[in-house]
Amino acid sequence: MDALWQRVSNRVRDELGQVGFETWIGPLNFVGMEGRTATIQAPNKFFRDWVHDRYLDLLRESLSAEAGMSVNVMLVVDNQNGNGHGNGNGNGHHNGAARPTAAPPPAINNPAGGREGRTQLNPRYTFAEFVIGSSNQFAHAAAQAVANQPGEKYNPLFIYGGVGLGKTHLATAIGHHLQAGRDRPRKVLFVPAEIFMNELISSLRRDRMGEFKEKMRRVDALILDDVQFLAGRERTQEEFFHTFNSLHAERHQIVLTSDKAPRDIAGLEERLRNRFESGLIADIAPPDLETRVAIVQKKAALENLQLAPDVALYVAQNVSSNVRELEGCLTRLAAFASLNKCAITVDFARQALRDLIREQEVKLDIDLIQKRVSEFFHIRLADLKSKKRTQHIAFCRQVAMYLCRKLTDSSFPTIGDRFGRDHSTVIHAYNLISRRVSNDSAFRHSIEKIERDLKNMRPDAA
Ligand code: ADP
Ligand code: MG
């Protein structure tokens, strides 16, 4: 049993990411299987509701896949443990304070849904819930163009980018838009590439290829998620090639997502690569700080979670790799705040998330500061380090000197050297800017913004 749960856990972890997994699945207790029903215990009602609303399908699918049969999941509250923990998640759920242990656990029973779940459009992944920033605005615009004129302009649309950056979200948003179609609702099929393959294999085995082809081709739009999965799978690629051609010839929209650009997918047949490159290719990059803050705020609002601006900033500053992890942090904050019944401050967030985020100490050096300050003020790096004395350049140089002193261990003479100046010039600059920082709040905000940008840079971006 433990081995089964272990395998299920691994699957779920792949899907949710480490943070989401530790927050929501780690605390669950797998009680066992009876016939086709798996019983899983949650530490309290808040957890049970949360897991039920978001992860039940995933648990059921993973269990079914690992057990080799369709499994029902019964989610129960662990009464021994659940009592005494209040519940104030702001959604109006209340945990009757002291439920007698004898009371039957509230069970949520779900009929096995097979693998259907994953091929449905996730209701949360809409355009309305997508936050636009410079890292994704091109992909977003492309997705909207396709949603508004399917099959006409960009066919296929190929969206690629790193893990958890919103590829599936955007592709799904196109699907929702088309399904709801104002002029006419369109038939949309969303298929993870892995499922395309699994269904293909099972259709071949059962001699049902006719049905399979029909299902894949009789749609107005086909979204194939994570096409990189097709790499090296010849039979599946062959079939998808024909599916693609058939849809394309009918001017039906095809949307593809991948973690790499077509040319970088090793093991992808040349003819498919050509097809994938024949439409529009849009990439999504990791979001910058402003976008991350906006995402955190939007997600918090959607969860009815009160989040002070400094907390949103704290989370956004410390999680830069991917949006899914950002969400994981937020949901953990929500859970902790509800269990502890307290307001979320930066200190609280630091505590609650301490094992999830390592506060990044980017090692700043003089070169880096010079480079960033010149970029920030749109002047040439060479000018910053030159003897030029125009007012603007002299001012930028003073800011750069101030930041070098403040953010590195370098001495005044060392900094002076690197600007080709005397140490007394650096001291003068430092004093001047310090004074202005304390007297002029607008100025202080600009300087803080540069500092934040500097600290927030990922080392590899340097
Ligand atoms: P990918 O398919 O690229 O691995 P997903 O589309 O599954 O990533 O996105 C991961 C999570 O991050 C989802 O919950 C999604 O809603 C969220 N997300 C990603 N980008 C954005 C964004 N720009 N605005 C809002 N949510 C986003
Ligand atoms: Mg995805």
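In this text the structure is predicted, and so the values were computed from the model without any measurement. (Residues numbered from 1 in each chain as written. Chains lettered and ligands numbered in written order. Predicted model: local features only at pLDDT ≥ 70, side-chain atom pairs only at ≥ 80, totals over all residues. Heavy atoms only, no water.)

**Q** Describe the sheet that holds strand 9 (residues 280-284), listing the residues and the values that go with them.
**A** Backbone-to-backbone hydrogen bonds pair the strands of a sheet. The strands run either parallel or antiparallel. Spatial strand order, 6-7-8-5-9: 5 strands in an open sheet with parallel pairing. Looking at the sheet topology across the chains shown, the edges are occupied by strand 6 (188-192) and strand 9. Pairs of neighbouring strands in the sheet enclose a mean axial angle of 15°, with direction left out of account. Taken together, the 4 bridges between strand 7 (residues 221-225) and strand 8 (residues 253-258) define a ladder with parallel strand orientation. Bridge assignment links I223 to a residue of strand 8, and that residue is V255. Of the strands in this sheet, strand 6 and strand 7 are in contact with helix 6 (residues 193-205), which crosses strand 6 at around 90°. (Pairing = 2+ DSSP bridges. Helix = DSSP H or I, 4+ residues; strand = E, 2+ residues; numbered from the N terminus. Axes fitted to C-alpha atoms, helices over the stretch in contact; angles between N-to-C directions. Contact = heavy atoms within 4.5 Å.)

**Q** Which residues make up the pattern of salt bridges, and what values do they have?
**A** Going through the model one piece at a time under the given rule, you end up with 26 salt bridges. A salt bridge links K449 to E290; the nearest nitrogen and oxygen atoms lie 3.3 Å apart. Taken as a pair, K449 in helix 19 (residues 441-456) and E290 in helix 10 (residues 289-302) lie far apart in primary sequence, 159 residues in all. You can call E290 partly exposed: its relative accessible area is 42%. Where K371 meets E375, a salt bridge forms, and the shortest distance between an N and an O atom there is 3.4 Å. With K371 and E375 both in helix 14 (residues 366-376), this residue pair falls 4 residues apart, about one helical turn. Accessibility expressed as a relative area gives 33% for K371, which makes it partly exposed. We classify E375 as partly exposed; its relative accessible area is 38%. Via salt bridges that share partners, K213, R217, R235 and E239 belong to a single interconnected network. (Salt bridge = Lys/Arg side-chain N within 4 Å of Asp/Glu carboxyl O. Buried < 20%, exposed > 50% of the residue type's maximum accessible area, 1.4 Å probe, protein only.)

Worth remembering: the numbers are spatial, not functional.
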